[in-house]
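Each chain, letter by letter, is given below.
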Amino acid sequence: MIDLKLSDDEKFLQESVRDVGAKEFPLDEGIRAGIDGRKPFDEARWQRLAGLGWFGICVPEAQGGIGLGLTHEMLVFNELGKVAASGPLVGTALGAYVAARAKSDEIAAALIAGQRKAGILVGDLVVDAGVGDLALRVTSEGTELLEITEATPVVSVDEALAVNRVTGTTSLVHITDDDIPSRLRVLVGAYLVGLAETTVEMSADYAKTREQFGKPIGSFQAVKHRCSEMVTRAYTAKAQLAVGAVLANLAATEGIAGSGLLEVASGYLLAMDAAQQNADDNIQNHGGIGFTAEHPAGIFVKRTQVYRHLGGKMSDLIQIALVSPETSAA
Amino acid sequence: MDLLTDPTITAFREEARTWLEENKPTEARPHDDQAAREFDRAWQHKQYEGGWAGVAWPEEFGGRGLAPLQQMIWYEEMVRAGAPSTGSFTVALGHAGPTIMANGTKEQQALYLDRIISGDTPWCQGFSEPGSGSDLASLRTRAVIDGDELVVNGQKIWTSYAHIADFQELLVRTDPEAPKHKGITWVVMAMDTPGLTVRPIQTIDGNAHFCECFYDDVRIPLANVVGGLNNGWRTAMSTLSFERGMGYLQSRLTIINEVDKLIEEARQRKLLENDRIAYELAHIRAQAVTVHALGYDGVAATSQPELMSSVNQIFNGELSKSLARIAIEIQGDDGLERTEWNGRYLGSFPATIAGGSKDIQKNILGERVLGLPR
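As the structure is a prediction and not an experimental result, all values here were calculated from the model. (Residues numbered from 1 in each chain as written. Chains lettered and ligands numbered in written order. Predicted model: local features only at pLDDT ≥ 70, side-chain atom pairs only at ≥ 80, totals over all residues.)

J.: Looking at this model, I keep getting lost on the overall build of chain B. Mind explaining?
T.: Helix and strand counts for chain B come out as twelve helices and eight strands. Its C-alpha atoms give chain B a radius of gyration of 21 Å, near enough to 21 Å, the size a compact globule of 374 residues would have. Overall size of chain B, expressed as C-alpha extent along the three principal axes, is 70 × 50 × 45 Å. Long-range pairs, those at least 24 residues apart, make up 71% of the contacts in chain B with a sequence separation of at least 6. (Helix = DSSP H or I, 4+ residues; strand = E, 2+ residues; numbered from the N terminus. Rg over C-alpha atoms; globule rule 2.2 N^0.38 Å. Contact = placed C-beta atoms within 7 Å.)

Below you can see the structure in the form of C-alpha cells.
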C-alpha cells in the first residue's frame, strides 16, 4: 500500500525548487535560443543550482549529498521540467549518485559541487556535455560514467541544448546495479510530466483569453475537450510515476531487487506520451502563433524530442511492460 | 510519499487474503439473470458474515468503519484472488447506501441499509430518461403529491439490473415550475409497486442488463423521499461523485487480470514478435498498472474531487475500449466466431457512456478544473 501524500519536507522542497526554477529559467531564454542560437553554457547559474544541493539529493550525507529519497528527487525534476530547465541536470544528479554507489567519492563530490557536469549518452550522442565533461551511459546491462576525450558538435534538434557526437571516452566508473535504469526513468519521466503540465496551463490560459466568434475559444468543446485530455494524460502519468519512485527507492533502501521496475516503466511510457501529445495539442490550441519561433509552445515540442530518448530504449520498456510478474505493491 | 509498512496494515491484508482464499466462490457467476441475482446475494451475504461487507461503511450501519486505505487493500485482495465483483449490488453499495447514510432519516437508514450490506436486496438506479441523458437535470418523469403519497408517471431508461432489483433510487420532477435543478426529488421505490413495468433492453453483445422502466400512476409513500422534497438534485449528486471516484475501483482494478490474459494469448499466437502489437500491448499494460496508482491517489485524496473522478472516468473508459479493440485484432480471423474477446468488444461501448459520458467528463474537467468558460 502506497501513500501518495507529500510529506512536509517533500512539500517544502517542491516549493523551493518551484520558486528558484521560475527565476532561473525564464521561458524567454528558450525562445531566444531558438531565434538567435544557443548562448554559451551559463556557468554562474550552474554554480547557484549546485549550491542548493540539487545534484546530490539522493547521495548519502557521508558522501557529500543530502541523503534524501528518490521521491524527493522526482519532485525536483518535475519542477525543472515545468520550466523546461536547460543543462545536463539528470546526467549530473544521477552521475553523482552512481559515482557515490561505486565509492568514487571524488567524482561524486565534483559533480555535486558543480565543478564537473555529466550528460546522458544515447548511442554516440551526448546532451549538454563536451570534451572534458562526463557522460553517463545507462543500459539494462550496466551503468558507466565516462570522461569525454573527443567529441564534435552536431546541430541539436533543440537549440537550447547542446548535442555532441562522442568519438573518444575513458571509462571512470562502472556498476551493474540493476535499479539505475529505473532511477533514470523516474527523473527523466518527472521532467517529461513537468513539460506536459505546463502545456496544460499554457493552453488553458490562452483558451480563456483568446476570442473568436465573439467568445473565448475555451468555450468551444473542440478546444475544451482537448485541454481536458491534456489534463488526463499529465495527471495519470504523474500518479503512476510517483508509485514507481516509491517502489524503485526500495531497491536502494531495503535492497529489494527489481522493485518498481514495471511501475516505473509504466509511468515513463505514460509520461512520454503525455509530453509528446500535450506539446502537440498545445500548438493546435494556440493556432498559428503556436508554431512561431517567438512563442514558447515550440520549446515544449523540442524539449520532448530530446528527453523522450534519455530514459532508455523503447524495446527495453516494452519488454519490461510485457513481463507478467505479480502485480506490485506489497 | 512512502510505502506503508505499518504492521496493522500488513495484518489486515493477510487477514483479507486468507479469508478470500477460504471463502471466495469457486463457481463462475451464472449467465441467467435470476441465477446471477442469487449468486450475488449469496456472495454479498457471505462477505457480510465474514465481516468484509462494507469495509469503509460506518460501524453503526453494519460496516467495519475503516478508512479508504483499508477499502483499497480489500479491493486489491479481491482482484488478486479473482473474487467476483459486486454485480447487481453495485448500485446498492455504491450509490443508494451512501446516499441514505448521508441524507436519510434514522427510520430510512434502519429500513434499508442493513438489507443492503447483508446481501438481501439488490438496487437499481432510475435516473436517465429517453430525453435526459447527459442533461440529467432536464428529466421529466412527473410525481404529484396525493395525500401522503407521490403518484409517478413517466419513463426511465438504462436502468441496470432493474429486472432483478428489489428497490430503485428514483429521481422524479415534483415542481415543474422551478428551475430545472430545483424541482427534483430523490425517492425510494419498491420494485413490486403496482403500475411499474420493467422491460430489459437487449444490447449488441446479446446481454440484457440495461432496462426501461415505465411508470403508470405508481404510488410511492411520501415517507420514501430522501433528502427532502425538491432537494433531489443535491441528494443525487452526493452519490454520483462517489460513483465517479472510488465507487467503481474494484471493477476497475480487475482490468489488469484481463490484460495479462490477453498478453498470454498474444504470446501463444506468436504476436508479441509483431512490433506494433507489442508496443500497443505494452502501453495498455502500463495503463492497467496505472489504475492502481489512481486508486492510491483516491485514497490520498489530495486533488479536487471533480479532477480525480473525471480523470478516472475518462482514463478507465478509454482503457477498457483500447483493450477490447486490440483483443479483436489479436484473435484475428478466429473472431468470425463469437468468442470471449469479441464479446467483450461488443460489450465495451458503455465504458465511455455510462455514469456520465466521456464528453461530459471533459466538460467537467474543462469548466470546473481548468476554469474554461461554458
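More follows now that the structure is in view.
J.: Sorry if this is basic, but what is going on with the pairing of strand 4 (residues 149–157) of chain B here?
T.: Side-chain positions along a regular strand alternate between the two faces of the sheet. Residues and elements named next belong to chain B. Here strand 3 (residues 142–146) runs beside strand 4; their pairing, made up of five bridges, is antiparallel. Opposite Val144, over in strand 4, you have Val151 as the bridge partner. One ladder, built from eight bridges, connects strand 4 with strand 8 (residues 211–221); its direction is antiparallel. The residue bridging Val151 from the neighbouring strand is Arg219, located in strand 8. (Pairing = 2+ DSSP bridges.)

J.: Which parts of the structure should I look at to understand the interface of chain A and chain B?
T.: Quite often, the size of an interface is put as the accessible area lost when its parts meet. Chain A puts 40 residues into the contact, and the matching count from chain B is 41 residues. Looking at the side of chain A that touches chain B, the elements that each hand over two or more residues are strand 1 (2–3), helix 7 (180–209), helix 8 (221–253), helix 9 (261–286) and helix 11 (314–322) of chain A. Of the residues forming the side of chain A that touches chain B, the biggest block, 14 residues, is contributed by helix 8 of chain A. Residue classes in the side of chain A that touches chain B are distributed as 23 nonpolar, eleven polar and six charged. (Nonpolar A, V, L, I, M, F, W, Y, C, P; charged D, E, K, R; others polar.)

J.: Where do I start with the domain arrangement of chain B in this structure?
T.: All names here are of chain B. Looking at the assigned domains, one finds that chain B contains domain 1 (7–117), domain 2 (123–231) and domain 3 (254–369). The C-alpha centroid of domain 2 is placed 26 Å from the C-alpha centroid of domain 1. With 14 residues of domain 1 at the contact, the number on the domain 2 side is eleven residues. Elements that contribute at least two residues to the side of domain 1 that touches domain 2 include exactly helix 2 (33–49), helix 4 (90–103) and helix 5 (106–117). Element by element, the count of residues in the side of domain 1 that touches domain 2 is highest for helix 4, at seven residues. A per-class count over the side of domain 1 that touches domain 2 returns five nonpolar, seven polar and two charged. (Domains from an automatic or database assignment.)

J.: Quick question: what am I supposed to make of helix 8 of chain A here?
T.: Side chains three or four residues apart in an α-helix point the same way, a direct result of the helix having 3.6 residues per turn. Residue and element names in this part refer to chain A. For helix 8, which comprises 33 residues, the first-to-last C-alpha distance of 48 Å matches the rise-based estimate of 48 Å (1.5 Å per residue) to within 8%. For helix 8, the tally of buried residues reaches 28 of 33 residues, placing the bulk of the element in the interior. Looking one or two residues beyond helix 8, the residue adopting positive phi is Gly255, at roughly 70°. (Expected span 1.5 Å × (residues − 1). Buried ≥ 20, exposed ≤ 12 C-beta atoms within 10 Å, placed from the backbone.)

J.: Sorry, what's going on with the sheet that holds strand 4 (residues 134–138) of chain A here?
T.: Two strands in a sheet stick together by hydrogen bonds in their backbones, pointing the same way (parallel) or opposite ways (antiparallel). All names here are of chain A. Taken together, the five strands give a closed barrel; going around it, the order is 2-3-6-5-4, and neighbouring strands pair in mixed fashion. For this sheet, the mean inter-axis angle between neighbouring strands, taken without regard to orientation, is 45°. The sheet contact formed by strand 3 (residues 125–127) and strand 6 (residues 163–175) spans three bridges and is antiparallel. If you follow Val127 over to strand 6, its bridge partner there is Val163. (Axes fitted to C-alpha atoms, helices over the stretch in contact; angles between N-to-C directions.)

J.: Help me understand the confidence of the model for chain A, please; the structure alone is not making it clear to me.
T.: Any residue range with low pLDDT should be treated as having predicted coordinates unsuitable for detailed reading. This prediction gives chain A a mean pLDDT of 95; 98% of its residues lie at or above 70. Taken as a whole, residues 326–330 of chain A scores under 50 in pLDDT and shows seven contacts with residues more than four places along the chain or in a different chain. (pLDDT = per-residue confidence, 0-100.)

J.: Help me understand unusual backbone geometry in this model?
T.: When glycine is set aside, most residues are seen to have a negative phi, and most peptide bonds are trans. In the Ramachandran plot, A:Lys103 falls in the positive-phi region, its phi being about 65° despite a non-glycine side chain. As for its placement among the helices and strands, A:Lys103 is situated in the loop between helix 5 (89–101) and helix 6 (105–112). Non-glycine residue B:Tyr161 carries a positive phi angle of around 65°. The topology assignment puts B:Tyr161 in the loop between strand 4 and strand 5 (167–173).

J.: Could you clarify how one ought to interpret the environment of A:Ala275 in this entry?
T.: Inspection of the secondary structure assignment puts A:Ala275 in helix 9. Leave out the neighbours within four places in its chain, and A:Ala275 touches A:Leu192, A:Leu195, A:Ala196, A:Thr304 and A:Arg308.

J.: Please explain the packing of helix 9 (residues 275–300) of chain B against helix 10 (residues 305–331) of chain B as it appears in this structure.
T.: Packed helix pairs are characterised by how far apart their axes lie and by the angle those axes make with each other. Residue and element names in this part refer to chain B. Across the interface, helix 9 lies against helix 10 with an axial gap of 10 Å and an inter-helix angle of 155°. Comparing the axis directions of helix 9 and helix 10 gives the class roughly antiparallel. Like other packed secondary-structure pairs, helix 9 and helix 10 cross with a definite hand, here left-handed. Between helix 9, through Ile277, Glu280, Leu281, Ile284, Gln287, Ala288, Val291, Leu294, Asp297 and Gly298, and helix 10, the contact on the second element is made entirely by Met308, Asn312, Phe315, Asn316, Leu319, Ser322, Leu323, Ile326 and Ile330. (Parallel < 35°, antiparallel > 145°, perpendicular 65-115°, else oblique. Left-handed = near helix turned anticlockwise from the far one by under 90°.)

J.: Honestly, the packing of helix 4 (residues 70–82) of chain A against helix 8 of chain A in this entry has me stumped. Any pointers?
T.: Residue and element names in this part refer to chain A. For the pair helix 4 and helix 8, interaxial distance at closest approach is 8 Å and the crossing angle is 145°. Across from Leu70, Thr71 and Met74 in helix 4, the residues of helix 8 making contact are Leu241, Ala242, Ala245, Val246, Ala248 and Asn249. Here the contact of helix 4 with helix 8 is built from residues that sort into seven nonpolar, two polar and no charged.

J.: Is there a simple way to explain the nonpolar core in this structure?
T.: Considering soluble globular proteins, one finds that nonpolar side chains tend to be buried as a cluster. Residue and element names in this part refer to chain A. Grouped together as the largest cluster of nonpolar side chains are 205 residues, with contacts concentrated most on Leu187 and Leu192. Sort the elements by how many residues they give to this core and helix 8 lands first, with 17 residues. Once you skip the residues sitting within four places of it in the chain, Leu192 turns out to touch Gly81, Ala271, Met272, Ala274, Ala275, Thr304, Tyr307 and Arg308. (Core = buried A, V, L, I, M, F, W, Y, C linked by C-beta atoms within 7 Å.)

J.: Please explain the confidence of the model for chain B as it appears in this structure.
T.: The share of residues in chain B with pLDDT of 70 or more is 98%, and the mean pLDDT across the chain is 94. Prediction confidence for the complex, expressed as pTM and ipTM, is 0.95 and 0.95 respectively.

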